[in-house]
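Take a look at the letters that make up each chain.
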Amino acid sequence: MPKNLCVPIIPIFTGENSILCRLIPVATCQKRSKAKDQWNILATIPQDVFVPLISTISILLYSAIYKNKSMKIRVLSRKSDLATIQAREFGNYLNSKYPDIQIEYLTRSTSGDKDLTTPLAQMPTEGVFTNDLREELINNKCDLIVHSWKDLPIEVGTKTKIAATLKRADQRDILFVKKNKNNNSSKINVLCSSPRRQYNIYNFIKDYLPEKFETIKFENIRGNIPTRFKKFLESNSSDAFIVAKAAIDRILLNEIPELDQLKKTLRSYIDQCLWTIIPLSINPCSPGQGALAIETRNTDNQLNKILNDINFYQDYSNVENERNILKNYGGGCHQKIGVSYISHPLGTIVSKKGEDENGNHFESWNLENDTKKNYFCGDVDEIYPEDLSSYKIFNRKQLNETISKVNNLQNQSIFISRSSALQDGAKINLNNVVWSSGLKTWKQLVSRGIWVNGTSDGLGEGFDNNIESLTNFPWVKLTHSSASESIIKNRINTYDLERLDFKIDLEKKNFFYWMSSSAFKLFLEKYPKI
């Protein structure tokens, strides 16, 4: 114990058989007189248990105060810039909770880093980016490993475990298309090595880009993010490139001084492209994509306890669920399978899409409600509206006087909740970001030749679009003149709502669904019993 530290337990004999213990805060002996008034009575205890008790308490208090000051953790990751950023992300977060822990960063190349020609799906074994690192951990050459969770095989062995994860980054993939692509060509060549992405994105390219392609060809590409991007831009035969958005975000948002030039280089690459973020309803991610996995030895109880304290449990659970589903289909990066668990205020949305080993297609987008509220509908007649094609309670009257405002928008992020919010005759400049409320609106916009950068996937305007790394453009919403206030304050009124007469047989209806807050207000006004 340091010489200038006051003994934390002060015994005061209050009688023949008892002792009153007082605890003072940590202070130097020179300040002991000032601390006197802050003593707190802990307990009155029998004298015969005082000696062992005070010894135990003193050790525990000393340990709590000084243990982490002298603790040093060796953090291992791959050598790539992205892996370095991820390791620092973990270290910074750990130090924000345990500032006295010292961190030593270590790196090592893996077999997957050394073989830059074989497509990942054709690698002879799983874990080509993780197994070599795990051997270092087992042999006590490091204390933990920071992995990209999607790189881990389904089984990690019996000597180590995934002790924690941080807040998950974006799960989605992003598609980059060269701005100087030949627009007269009916063919597009896409650099992409993942069977999952190739399977899911084929129809996305056909249906959700303004250009229509008769031929879509995928070509393998390997290397770290800057290397792949550079290859893509320098290749005369490639038109598009797909990558995990979390990787782009982490590089662009990193604050490591030595990697500042990397950020500038990547941003210069992106400036040469159009980009669109592929929604999880169409392209659910590789299980664990965007999440970091912190791997430790099973026997390192002290470190595992600390990691348990900083673990993001919901993200951890979501990834585990994704990996279990992949495991049921056989597991591995050769699979054409995507699974995403998306946390939402109403529960967890589960998106699954792919092809099993027997060639059977599967696809689902469901809400798993965790609130124990069970609503059972026995007949479609109980639902209003029964059929969306006959659901019409408003006419929408276009406001021509605001067309010029829309046409003059420059360097804005434009939220469009329905295609009719963009007036006939209105045009959107290509230097804006365009965001749709859902897939139907996206399709209708691209049919008008508009490049759409992403969608809220039908999850509402408040869904985190997460595009801060790509643009800082202010948001503006195209909407109607009587629209309610929303999180997007700046808006342009592009149409008016005109009410239509409608009737509902309330005796038969138990479940009501609204397409908008305006519809909700109108229904309650007309049928307050609802």
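The structure presented is a predicted model; accordingly, all values stated were derived computationally and were not measured.

1. Regarding the overall build of the protein
Helices and strands together make up the secondary structure of the protein, namely 14 helices and 24 strands. The proportion of buried residues among the 530 residues of the protein is 48%. Within the protein, residue pairs in contact and separated by at least 24 positions form 66% of the contacts whose partners lie at least 6 positions apart. As presented, the protein carries roughly 27,500 Å² of accessible surface, and 49% of it is formed by carbon and sulfur atoms.

2. Focus: a positive patch on the surface
A surface patch of positive charge is lined by Lys392, Arg396, Arg418 and Lys440. You can see Lys440 is positioned in helix α13 (residues 439-446). By relative accessible area, Lys440 is classed as exposed at 65%.

3. Notes on the pairing of strand β15 (residues 347-355)
Here β15 lies mainly inside the structure; seven of its nine residues are buried. Pairing geometry for strand β14 (residues 336-344) and β15, over nine bridges, is antiparallel. Bridging from a neighbouring strand, Lys336 pairs with Glu355 of β15. From the end of β14 to the start of β15, which pair antiparallel, there are two residues. Where β15 meets strand β16 (residues 361-368), eight bridges bridge the pair, whose relative direction is antiparallel. Bridge assignment links Lys353 to a residue of β16, and that residue is Glu363. Between β15 and β16, which pair antiparallel one after the other, the connecting turn spans five residues, and Gly359 there sits at a positive phi close to 85 degrees.

4. Digging into the pattern of salt bridges
Scanning all chains against the criterion turns up 26 salt bridges. Between Arg108 and Glu136 there is a salt bridge whose closest N-O contact spans 2.8 Å. Placement of Arg108 in strand β5 (residues 102-108) and of Glu136 in helix α5 (residues 131-138) is noted, with a sequence separation of 28 residues between them. On the basis of relative accessibility, which here comes to 17%, the residue Glu136 falls in the buried class. Residues Asp173 and Arg197 are paired through a salt bridge, measuring 2.9 Å at the closest nitrogen-oxygen approach. Placement of Asp173 in strand β8 (residues 173-178) and of Arg197 in helix α6 (residues 195-208) is noted, with a sequence separation of 24 residues between them. Taking the relative accessible area as the measure of exposure, Arg197 reaches 11% and is therefore buried. Taken together, the shared-partner salt bridges connect Arg74, Asp143, Arg297 and Asp300 into one network.

The rules behind these values
- Residues numbered from 1 in each chain as written.
- Predicted model: local features only at pLDDT ≥ 70, side-chain atom pairs only at ≥ 80, totals over all residues.
- Heavy atoms only, no water.
- Helix = DSSP H or I, 4+ residues; strand = E, 2+ residues; numbered from the N terminus.
- Buried < 20%, exposed > 50% of the residue type's maximum accessible area, 1.4 Å probe, protein only.
- Contact = heavy atoms within 4.5 Å.
- Areas by Shrake-Rupley, 256 points an atom, 1.4 Å probe, with all protein chains shown as cover.
- Patch = residues over 30% accessible without salt bridge, like charges linked within 9 Å, V, L, I, M, F, W, Y side chains within 5 Å.
- Salt bridge = Lys/Arg side-chain N within 4 Å of Asp/Glu carboxyl O.
- Lys, Arg positive; Asp, Glu negative; His and termini not counted.
- Charge placed at Lys NZ, Arg CZ, Asp CG, Glu CD.
- Pairing = 2+ DSSP bridges.

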